[in-house]
Amino acid sequence: MMMRKLDRFMQVLPKHKFNIYIFLLGIAFFTLFFLEYQPITPKEWVFIFTFVGFSFLSDISSIPLPNGDYFTFLTSFLFVLTIMYGPTYLFMVVLLLVVCNYFYSKKLRVHLFNSFQISISAYLSLFVYESLGGVVGALDLANIKAILGFSAAFILFNSTFMTIYLSIIDNTPFLKQFQDLLLGNKEMVLIFGLMFLIGLIMAIMVEASGLVGLIMFSLLLLAITIMFRKYYEMFNHMNELANKDELTGLFNHRYFQTQLKQLINKNTKLSLLIIDIDYFKSYNDFYGHVEGDKILKLVSKIIDGYIGDKGTVCRYGGEEFSIILPNKDEHEAYEIAEGLRHKISNYHFDGQEILPEHQLTVSIGISSFPSIGHNKESLLMTADEALYKVKHTTRNNTFIYSSVVDKIEKEFNLKSEDIGVMRTLKVLLSSLNFKDRYTYGHTERDMEYAEALARKIGLTEEDIKFIRIGSLLHDIGKVEVPTEVLNKKGKLTDDEWAILKNHTIWGEQIIKPIEFLTPILPMIRNHHERYDGRGYPDQLAGENIHLWARILTIVDSYDAMTSNRSYRKRKTVEEAILELNHEAGKQFDPYLVDKFIEVICEKEDVHKNTYDLLVLGQQEVAVTCEEINKEKAL
Amino acid sequence: MLIDGIILGFIVGFFRGGSFKNLLNIRISYLWLIIPAYIIQRLGIYLFPDLLFLAVPMSYLIIMIIFYLNRHQYGFIVAILGIFANFLVTLVNKGRMPVEMSLAQKLDPLEYEYLNSGTYFKHVPMSENTYLNFLGDIFYIQPPYPHTTLISLGDLLFSIGLMLFVQHSMMVNNDDEKVGSVHASSTKA
């Protein structure tokens with residue numbers, strides 16, 4: 001209880017301190033006003049009112065600077081008032097200024113504080129002016145000493161009052177604030193200097209032609225202010241054009257890159273989400289780009305509204321968005337991403353019925369700096385890989401990037417030179433990933449299935465270790481296959497087939513020099529052999545094919561059937577089981593097929609009954625065996 | 001000064017790219033109250049000088065109420081402040097507006113003669129016996145401004161408020177402004 005009370009007391013304290021500060025300044029102000037008061041004639045009132053009007057106008061129309069600061073010509077007006085007319089005018093004008101400001105924007109305390117401190121500063125500076133030989137009301141340009149003295153004193157007093165205010169608000173030591181304000185901000189001194197110069201010219205005008213001079217010059221200042229503000233608006237507009245995406249109003253790719261670079265250079269912990277709209281191309285093809293653009297806008301709005309000030313939302317390109325979440329680790333980012341994903345999938349978009357899932361969904365990949373990606377490139381690459389992992393499996397999901405290679409390194413307890421080798425393999429794997437987008441998540445799932453099957457048939461932990469790494473690396477030979485062949489949509493020519501088939505041999509050659517990986521060589525070489533001896537490259541049959549290779553053949557085919565490919569939709573688990581069963585004894589080892597179906601039934605929660613029914617019922621299967629084989633070969 | 005404010009509003013609005021057509025959309029509620037306000041003031045000045053101390057502040061008060069009821073209109077707050085200043089100064093000076101004599105002499109020697117010998121309609125010479133003199137007629141508007149006149153701070157603020165209102169009305173299409181009064185409406189052009 002005691003502590004809580006104390007806490008609350010501490011919270012209120014700065015506000016109270018500020019009130020006390022204003023109160024003290026107010027007492028000083030009114031005391032000085034009372035002591036200095038001279039009766040004001042009606043004609044002098046005209047001057048005062050004019051001053052109030054114009055200084056109020058200049059006070060509310062501040063001139064913004066590109067660095068976020070702004071300045072007003074108020075100081076110039078106060079300079080003229082003090083030098084030419086003395087304290088009574090000064091105090092009266094400042095008091096009326098509070099009234100005007102109050103009617104304009106209610107913040108009374110701030111206006112009171114500003115008016116009090118600025119008039120007391122000017123009043124104190126007047127002593128410096130007079131002690132240096134200046135005379136109120138008689139401007140003597142020859143006495144530059146007095147004018148400079150007044151200006152310097154004004155800056156000093158003004159900064160002091162402001163520093164007290166800042167140290168009360170922020171609860172920081174006075175001296176540090178003072179240094180920051182006065183020394184760390186040389187521009188401010190320059191601007192003040194400019195204000196006094198303008199004030200001096202105004203004083204000359206006033207001395208030469210009185211009220212008319214004052215009005216003319218004030219109008220000129222106002223015109224300059226308006227012009228400056230227009231220019232600033234233009235500047236802002238250009239700035240926005242350069243950094244914002246025209247269609248969605250989000251930040252653009254360029255801004256995203258610079259922002260990310262800045263944050264990483266500052267070593268800020270951050271997470272990166274890359275979001276992709278699922279089946280957006282189908283939507284565009286069906287309704288046309290105009291409707292597609294509407295969806296893009298809508299999705300941007302939802303994303304922007306959901307993220308708010310938690311991060312920076314950018315349009316990465318096409319239907320991809322990227323979000324920088326500063327000071328969030330990958331798990332916090334995952335929570336946010338999942339919330340966003342649900343929000344979008346629950347939203348009703350016009351025309352979403354034509355999409356394969358009858359709703360518009362997004363896939364999200366997550367990476368973090370510095371825990372996953374160590375620099376900008378690897379951060380982007382890992383988030384991208386995570387996204388493609390989602391794209392090639394379920395879609396409408398969120399994945400955090402995870403590297404299997406890192407896990408394997410731990411399992412094998414590698415020597416330092418082998419760690420170097422693994423790193424190289426990792427690079428090879430990710431370059432393969434860029435050649436053939438499908439491989440990434442694929443090899444990882446192969447690993448899981450192969451491991452499960454190996455456990456089912458009772459292999460040792462040592463074997464399982466090798467089966468895992470073998471599954472991961474089995475397609476490594478594909479790095480040698482040209483990208484055109486790997487990603488060819490149509491039928492392959494005989495020559496191209498020959499090249500593609502060679503990936504098993506090339507893979508073996510790549511791994512051969514690595515001593516600790518010798519046991520997995522048959523797995524890589526022979527994972528395209530068939531149980532009936534019609535496979536490649538060695539046309540081995542039955543038990544002649546290494547057991548590990550037979551395992552890999554089954555899981556690899558199963559995963560190929562159940563993943564999304566660009567040219568067809570994935571099969572259901574049941575359809576895949578049927579297919580495996582059909583090929584038992586032809587392509588696959590029948591014993592292993594049986595065991596693997598058990599594994600799947602446990603894993604995917606399919607009842608054995610369903611499976612039996614399917615097999616017994618001899619249901620028609622959409623994809624024939626030949627197609628699967630082609631698939632497999634690819 | 002009423003006319004001055006409106007004309008200045010036209011000029012500013014025109015140069016800011018406003019349209020005179022937009023002025024047709026102006027809606028001011030309770031504008032008819034201006035008629036009793038005018039009658040009360042005239043009656044006080046011409047027929048019942050004894051009640052002048054009541055009539056002039058009263059007419060200002062009514063105008064202030066009209067503006068207050070329409071205070072959401074752009075610039076009306078400034079106009080209200082102006083009328084309030086006039087209301088205040090006539091109230092404490094028994095319904096009369098103090099005039100700075102040296103300026104009155106410059107403006108109109110004939111009127112000055114009348115004033116010097118007492119009061120002139122609702123005006124009274126400024127002296128130690130008048131109050132709140134700084135709110136009296138002290139602004140001598142002179143060439144280059146085309147309309148030479150002597151006005152008070154209240155008149156000035158009132159004109160500025162009107163000017164702001166007129167130029168703003170020319171800029172904005174008032175259709176979407178929520179005025180919605182059925183009691184009285186008037187169009188000004």
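Residues numbered from 1 in each chain as written. Chains lettered and ligands numbered in written order. Predicted model: local features only at pLDDT ≥ 70, side-chain atom pairs only at ≥ 80, totals over all residues. Heavy atoms only, no water.

**Q** What is the right way to look at the overall build of chain A in this model?
**A** In terms of regular secondary structure, chain A is built from 26 helices and seven strands. A burial count over chain A gives 50% of its 634 residues as buried. Of all intrachain contacts in chain A linking residues separated by at least 6 positions in sequence, the fraction that spans at least 24 positions is 70%. Summing over all exposed atoms, chain A offers an accessible surface of approximately 31,100 Å²; the carbon and sulfur share of this is 59%. (Helix = DSSP H or I, 4+ residues; strand = E, 2+ residues; numbered from the N terminus. Buried < 20%, exposed > 50% of the residue type's maximum accessible area, 1.4 Å probe, protein only. Contact = heavy atoms within 4.5 Å. Areas by Shrake-Rupley, 256 points an atom, 1.4 Å probe, with all protein chains shown as cover.)

**Q** Teacher, can you tell me more about the interface of chain A and chain B here?
**A** Often the size quoted for an interface is simply the accessible area lost on bringing the parts together. Listed as interface residues are eight residues of chain A and, on the opposing side, eleven residues of chain B. Summed over both sides, the interface of chain A with chain B buries roughly 850 Å², with 87% coming from carbon and sulfur. On the surface where chain A and chain B come into contact, there are zero salt bridges. Where chain A packs against chain B, one counts one residue pair in polar contact (both at pLDDT 80 or more). (Buried area = accessible area lost by both parts, 1.4 Å probe. Salt bridge = Lys/Arg side-chain N within 4 Å of Asp/Glu carboxyl O. Polar contact = N/O pair within 3.5 Å; in protein donor to acceptor, adjacent residues only side chain to side chain.)

**Q** Explain the nonpolar core to me, please; I cannot follow it from the model alone.
**A** For soluble globular proteins, nonpolar side chains are generally found buried alongside one another. In this structure, A:Ile48, A:Phe51, A:Phe73, A:Phe79, A:Val80 and B:Phe139 are the most contacted members of the largest nonpolar core, which totals 75 residues. With 13 residues, helix H8 (residues 186-243) of chain A is the single largest residue contributor to this core. If you look at the next biggest cluster of nonpolar residues, it comprises 47 residues, including A:Ile457, A:Leu517, A:Ile520 and A:Val573. (Core = buried A, V, L, I, M, F, W, Y, C linked by side-chain atoms within 4.5 Å.)

**Q** Sorry if this is basic, but what is going on with empty space enclosed by the protein here?
**A** A water-sized probe rolled over the atoms picks out the places where empty space is left. Residue and element names in this part refer to chain A. Scanning the model with the defined rule gives two cavities of 30 Å³ or more in all. Approximately 50 Å³ is the volume found for the largest cavity. If you trace the largest cavity, you find it lined by Glu-529, Arg-530, Tyr-531, Ile-545, Arg-550, Thr-553, Gln-587, Phe-588 and Asp-589. Looking at side-chain class alone, the lining of the largest cavity contains three nonpolar, two polar and four charged residues. (1 Å grid on protein atoms, 1.4 Å probe; cavity = no way out; pocket = protein on both sides within 12 Å on 5 of 7 lines; lining within 4 Å. Points joined across faces, edges and corners; volume = space filled by probe spheres on them. Nonpolar A, V, L, I, M, F, W, Y, C, P; charged D, E, K, R; others polar.)

**Q** Any chance you could explain the confidence of the model for chain B here in plain terms?
**A** Detailed reading of predicted coordinates is not advised where the pLDDT is low. The predicted model of chain B averages 82 in pLDDT, with 89% of residues at 70 or higher. At the level of chain-chain contacts, confidence expressed as ipTM amounts to 0.79, with global pTM at 0.60. (pLDDT = per-residue confidence, 0-100.)

**Q** Just to check I follow, could you spell out unusual backbone geometry for this structure?
**A** All names here are of chain A. For the bond running from Phe-369 to Pro-370, omega is 0 degrees, close enough to zero to count as cis. Tracing the backbone through its elements, the reader meets Pro-370 in the loop between strand S6 (362-369) and helix H13 (376-392). Of note, the amide linkage connecting Tyr-536 to Pro-537 takes the cis form, showing an omega dihedral of 5 degrees. Tracing the backbone shows Pro-537 in the loop between helix H21 (521-525) and helix H22 (547-562). Phi at Asn-267 takes a positive value of approximately 60 degrees, unusual for a residue other than glycine. The residue Asn-267 is located in the loop between helix H9 (253-265) and strand S3 (270-277) in this model. Look at Asn-327: it is not a glycine, yet its phi comes out positive at around 60 degrees. Mapped onto the fold, Asn-327 is located in the loop between strand S5 (320-326) and helix H12 (330-346). Since its relative accessible area comes to 51%, Asn-327 is described here as exposed.

**Q** Is there a simple way to explain the packing of aromatic side chains in this structure?
**A** The relation between two aromatic rings is expressed through the spacing of the ring centres and the mutual angle of the planes. With the rule as written, the count across this model stands at 48 aromatic pairs over all chains. Seen from their ring centres, A:Tyr123 and A:Phe127 are 5.3 Å apart, and the 85 degrees between their planes marks the pair as edge-to-face. Taken as a pair, A:Tyr123 and A:Phe127 lie in helix H5 (residues 108-131) at a separation of four residues, close to a single helical turn. Judged by its relative accessible area of 8%, A:Tyr123 falls in the buried class. Judged by its relative accessible area of 45%, A:Phe127 falls in the partly exposed class. Ring geometry for A:Phe192 against A:Phe196: centres 6.3 Å apart, planes inclined by 20 degrees, an arrangement best described as stacked. In this pair, A:Phe192 and A:Phe196 are both assigned in helix H8, four residues apart and thus about one turn of the helix distant. In this pair, the class of A:Phe192 matches that of A:Phe196, namely buried. A connected cluster of aromatic rings, assembled from ring pairs, spans A:Phe29, A:Phe30, A:Phe33, A:Tyr37, A:Phe91, A:Phe116, A:Tyr123 and A:Phe127. Its guanidinium or amino end placed over the ring of A:Phe251, A:Lys244 lies 5.0 Å from that ring's centre, counting from NZ or CZ. The aromatic ring of B:Tyr68 is capped on one face by B:Arg71, whose charged end is 4.3 Å from the ring centroid. (Phe/Tyr/Trp six-rings, centres within 6.5 Å; stacked < 30°, edge-to-face > 60°. Lys NZ or Arg CZ within 6 Å of the ring centre and 35° of its normal.)

**Q** Before we go on, may I ask you to explain the packing of helix H11 (residues 289-307) of chain A against H12(A) in this structure?
**A** Axes are the key here: two packed helices are described by the angle between their axes and the distance separating the axes. Residues and elements named next belong to chain A. Across the interface, H11 lies against H12 with an axial gap of 10 Å and an inter-helix angle of 140 degrees. Considering their axes alone, H11 and H12 lie oblique with respect to each other. Of the two elements, H11 crosses H12, and the hand of that crossing is right-handed. Two secondary-structure elements touch here, H11 through Val-299, Ile-302, Ile-303, Tyr-306 and Ile-307 and H12 through Ile-336, Gly-339, Leu-340, Lys-343 and Ile-344. The class makeup of the residues in the contact of H11 with H12 is eight nonpolar, one polar and one charged. (Axes fitted to C-alpha atoms, helices over the stretch in contact; angles between N-to-C directions. Parallel < 35°, antiparallel > 145°, perpendicular 65-115°, else oblique. Left-handed = near helix turned anticlockwise from the far one by under 90°.)

**Q** Is there a simple way to think about the sheet that holds S6(A) in this case?
**A** Strand pairs in the sheet, formed through backbone hydrogen bonds, run parallel or antiparallel to each other. Residues and elements named next belong to chain A. Reading across from one edge, S4-S5-S3-S6-S7 is the order of the five strands in this open sheet, with mixed pairing throughout. Looking at the sheet topology across the chains shown, the edges are occupied by strand S4 (312-317) and strand S7 (398-400). Pairwise comparison of adjacent strand axes, ignoring direction, gives a mean angle of 20 degrees for this sheet. Looking at chain direction, S4 and S5 are connected through five bridges and run antiparallel. Across the sheet, residue Arg-315 finds its bridge partner in S5, namely Phe-321. Seen against the sheet, H13 touches S3, S4, S5, S6 and S7 and runs at an angle of roughly 150 degrees to S6. (Pairing = 2+ DSSP bridges.)

**Q** Is there a simple way to think about the confidence of the model for chain A in this case?
**A** Residue and element names in this part refer to chain A. Taken over all residues, the pLDDT of chain A has a mean of 82, while the share at 70 or more is 88%. Note that pLDDT drops below 50 for residues 1-7; the model gives that stretch zero contacts with residues more than four away or on any other chain. The low-confidence segment residues 616-626 (pLDDT under 50) makes eleven contacts with residues lying over four places distant or belonging to another chain.

**Q** In this structure, what is going on with the packing of helix H4 (residues 76-92) of chain B against helix H7 (residues 153-171) of chain B? I would like to understand it.
**A** Residue and element names in this part refer to chain B. Relative to each other, H4 and H7 sit at 160 degrees, their axes nearing to 7 Å. Accordingly, the angle class assigned to the pair H4 and H7 is roughly antiparallel. Relative to H7, the crossing made by H4 is left-handed. Between H4 and H7, the residues in contact are Phe-76, Val-78, Ala-79, Leu-81, Gly-82, Ile-83, Ala-85 and Asn-86 and Gly-154, Asp-155, Leu-157, Phe-158, Ile-160, Gly-161, Leu-164 and Phe-165, respectively.

**Q** For this particular structure, what's the right way to read the pattern of salt bridges?
**A** Opposite charge on two side chains permits pairing when their charged atoms draw close. Residue and element names in this part refer to chain A. Taken as a whole and assessed by the stated rule, the structure comprises 19 salt bridges over all chains. Residues Asp-245 and Arg-315 are paired through a salt bridge, measuring 3.1 Å at the closest nitrogen-oxygen approach. Taken as a pair, Asp-245 in the loop between H8 and H9 and Arg-315 in strand S4 lie far apart in primary sequence, 70 residues in all. The exposure class assigned to Asp-245 is buried, which follows from its relative accessible area of 15%. As a salt-bridge pair, Lys-391 and Asp-278 come within 2.9 Å of each other at their nearest N and O atoms. Separated by 113 residues along the polypeptide, Lys-391 in helix H13 and Asp-278 in the loop between S3 and helix H10 (280-287) bring together distant segments of the chain. Residue Lys-391 is classed as buried on the basis of its relative accessible area of 12%.

**Q** Help me understand the pairing of S6(A), please; the structure alone is not making it clear to me.
**A** Residues in a regular strand project their side chains so that they alternate between the two faces of the sheet. All names here are of chain A. In terms of burial, S6 is a largely internal element, eight of the eight residues being buried. Across the two faces of S6 the burial is the same, with Val-362, Ile-364, Ile-366 and Ser-368 and Ser-363, Gly-365, Ser-367 and Phe-369 all buried. As judged from the eight bridges shared by S3 and S6, these two strands associate in the antiparallel manner. Across the sheet, residue Ser-271 finds its bridge partner in S6, namely Ser-368. For the crossover that starts at S6, traverses H13 and ends in the parallel S7, the hand is left-handed. (Right-handed = clockwise from strand over helix to strand, strands pointing away.)

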